[in-house]
There are 2 protein chains.
Amino acid sequence: MKIRVHVSLKPGVLDPQGRAVHHALEGLGFAGVDDVRVGRMIELDVANDTSDDALTEMCEKLLANTVIENYRIEKVG
Amino acid sequence: MKIRVHVSLKPGVLDPQGRAVHHALEGLGFAGVDDVRVGRMIELDVANDTSDDALTEMCEKLLANTVIENYRIEKVG
């Protein structure tokens, strides 16, 4: 079973990586870019019998830093 | 206008970050994880009149390394 975990910084948390990308886009002459936020997308191939609890536990323990990040589990197929 | 750019390694390209996450999940006792791939998700707030060509150019020039990465542009709202 294919799972996608979308990890993004919580609103209000400073995103230096996003700032750097924003700055670089402006440097390349792209106008009209108001904000940039960079997150992670982790694709997992797991056994079909993997429980939702196990997936949540993977996120809480390793895949996301829940102090500053939100995560969303998407079942792809 | 909110845009999401999903950047992921091309199939066949070695993913050391994914390997490390995979190894760590196994170390934490999570069985049944066959493969892990890590990608980026970049959220852009851009002016509503930003053209598709400009978005593609942002990806080609900066947001993705098209030698080893694929990208997908998603218009969110």
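The name that an unreviewed UniProt entry assigns to chain A is Phosphoribosylformylglycinamidine synthase subunit PurS, with the source organism given as Qipengyuania mesophila. As its UniProt record puts it under Subunit (unreviewed entry), chain A is described as follows: "Part of the FGAM synthase complex composed of 1 PurL, 1 PurQ and 2 PurS subunits."

**Q** Looking at this structure, how should I read the pattern of salt bridges?
**A** Any two side chains of opposite charge can pair, so long as their charged atoms come close to each other. Taken as a whole and assessed by the stated rule, the structure comprises twelve salt bridges over all chains. In this structure, Glu43(A) and Arg4(A) form a salt bridge, with 2.9 Å as the shortest nitrogen-oxygen distance. On the criterion of sequence distance, the pair formed by Glu43(A) in strand S2 (residues 33-46) and Arg4(A) in strand S1 (residues 2-9) is long-range, its members being 39 residues apart. Glu43(B) is the partner of Lys2(B) in a salt bridge, and the nearest nitrogen-oxygen pair spans 3.8 Å. Here Lys2(B), found in strand S1 (residues 2-9), pairs with Glu43(B), found in strand S2 (residues 33-46); they are 41 residues apart in sequence, far enough to count as distant. Classification of Lys2(B) by relative accessible area gives partly exposed; the value is 33%.

**Q** Would you explain the sheet that holds S2(A) in this entry?
**A** In a beta sheet, neighbouring strands are held together by backbone hydrogen bonds and run either parallel or antiparallel to one another. The strand order across the open sheet formed by six strands is S3(A)-S1(A)-S2(A)-S2(B)-S1(B)-S3(B), and the pairing between neighbours is antiparallel. At either end of the open sheet lies a strand with only one pairing partner, and these are strand S3 (69-75) of chain A together with strand S3 (69-75) of chain B. Each adjacent strand pair in this sheet contributes to an overall mean axis angle of 25 degrees, direction not counted. Bridging between S1(A) and S3(A) involves seven bridges; their strand directions are antiparallel. What sits directly across from Ile3(A), in S3(A), is Lys75(A).

Calculation criteria
- Residues numbered from 1 in each chain as written.
- Chains lettered and ligands numbered in written order.
- Predicted model: local features only at pLDDT ≥ 70, side-chain atom pairs only at ≥ 80, totals over all residues.
- Heavy atoms only, no water.
- UniProt positions renumbered as here; feature names shortened; annotations may be inferred.
- Salt bridge = Lys/Arg side-chain N within 4 Å of Asp/Glu carboxyl O.
- Helix = DSSP H or I, 4+ residues; strand = E, 2+ residues; numbered from the N terminus.
- Buried < 20%, exposed > 50% of the residue type's maximum accessible area, 1.4 Å probe, protein only.
- Pairing = 2+ DSSP bridges.
- Axes fitted to C-alpha atoms, helices over the stretch in contact; angles between N-to-C directions.

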